[in-house]
Amino acid sequence: MRTLRTVSEVRAALAEPRRAGRSIGLVPTMGALHQGHVSLIRRAREDCDEVVVSLFVNPAQFNEAADLAAYPRDEARDAALAADAGADLLWAPAVHDVYPPGFATTVHVGGVSESLEGEHRPGHFDGVATVVTKLLVAVAPDVAYFGRKDAQQLAVIRRLVRDLALPLRVEGLPTVREADGLALSSRNARLSPDDRRRALALKRGLDAAAAAATAGTTDAEALRAAALAAMREHAVEPEYLAVVDPDTFDPVADVNGAALVAVAARVGEIRLIDNTLIGRH
Ligand code: PAJ
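These lines cover the structure that appears in this document, whether it is placed above or below.

Analysis parameters
- Residues numbered from 1 in each chain as written.
- Predicted model: local features only at pLDDT ≥ 70, side-chain atom pairs only at ≥ 80, totals over all residues.
- Heavy atoms only, no water.
- Core = buried A, V, L, I, M, F, W, Y, C linked by side-chain atoms within 4.5 Å.
- Buried < 20%, exposed > 50% of the residue type's maximum accessible area, 1.4 Å probe, protein only.
- Helix = DSSP H or I, 4+ residues; strand = E, 2+ residues; numbered from the N terminus.
- Domains from an automatic or database assignment.
- Contact = heavy atoms within 4.5 Å.
- Near = heavy atom within 4 Å.
- Polar contact = N/O pair within 3.5 Å; in protein donor to acceptor, adjacent residues only side chain to side chain.
- Pairing = 2+ DSSP bridges.
- Axes fitted to C-alpha atoms, helices over the stretch in contact; angles between N-to-C directions.

Quick look at the nonpolar core
Counting 46 residues, the largest nonpolar core has Trp 91, Val 132, Leu 136, Val 139 and Phe 249 as the members making the most contacts within it. At the level of elements, α1 (7-19), β2 (24-29), β4 (89-91), α7 (124-139), β5 (143-147), α8 (151-163), β7 (238-244) and β8 (258-267) are the ones that each hand at least two residues to this core. Among the elements that take part in this core, α7 stands out by supplying 9 residues, more than any other. No fewer than three residues from each of domain 1 (2-173) and domain 2 (186-275) sit in this core. Residues contacting Leu 136, with those up to four places away along its chain left out, are Leu 26, Pro 141, Ala 144, Val 161, Leu 166 and Leu 168. Counting 27 residues, the second largest nonpolar core, distinct from the first, contains Ala 209, Leu 223, Val 243 and Ala 259.

Some details on the site of the ligand
Close contacts around the ligand come from 19 residues, with Gln 61, Gly 147, Asp 150, Gln 153 and Val 176 the closest. One nitrogen or oxygen atom from the side chain of Gln 61 is found 2.6 Å from an oxygen atom belonging to the ligand. Between the ligand and the protein, one listed contact pairs a nitrogen atom with a backbone N or O atom of Val 176 at 2.8 Å. The element best represented in the shell around the ligand is helix α2 (residues 35-47), accounting for 3 residues.

Examining the sheet that holds β7
Two pairing modes exist for strands in a sheet, parallel and antiparallel, and in both the strands are linked by backbone hydrogen bonds. Pairing in this open sheet of 3 strands is antiparallel, and the strands run β7-β8-β9 from one edge to the other. The open sheet has two free edges, formed respectively by β7 and β9 (270-279), since each of these has just one partner strand. Each neighbouring strand pair of the sheet contributes to a mean axis angle of 10°, computed without reference to strand direction.

Quick look at the structure:
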């Protein structure tokens, strides 16, 4: 596996494989790789001839300076994990490679980016959409891989790719979890032992909503109430807890097709998100 820094290096490295008709898969990450990231890289390895993993802690998508400062960084460890999972190229640019002096462009995806994460993290999805556009344009992959753990991000990226008619397929892969159900996240390492136990509130809340849906409840308020009660058993209050359409992220009042239950909560200092699909899907 080779490590590259600049957009020109990436273009040069992919020119020959592209000429030879080899398929290219891209897995965008911010590093601190865990088994969730590894599942995306492995899938790209199965599907594609050339696997590119990008590693860039994107300042533009952090709406809290402290969160950006505390974000774990260990390129050597990430490089070893990416290579082991089957990556051919690791693109780990510096901030000035992605945002050279005078950079003045923002990609804004309307609609789907406005609720939930968009409301609670102002500017976050503009930062995500801008950097992902830059990664997609530089690598020009046939397939790009994202996790359903960040369901709204996935919906924003699908909208972006459709709206700009970018010639690639977007794959959304299932959330990888710890044995007890906690969704893997680079931020989990920063939970204290007590908060690690309380962090289960999110999954337990989602499970309660899913169980109520399976038992026949379709009213979103009743589903939310079931989830809230389960979360409170762990002494966690959600920042938001919503039943939404999985494509538009508009609220759903009565679930009669597929719906997504999405939750965000602060556990100690750490902000966590999770979601689950309910209904017919
Ligand atoms: P990051 O948080 O590093 O996540 C990179 C990819 O891994 C995302 O597509 C995310 O949804 C996926 N992922 C994270 N945890 C997962 C889990 N437990 N199971 C399955 N997949 C998981 O998301 C970002 O980086 C950034 O916003 C990025 C898209 C790279 C743009 O900067």
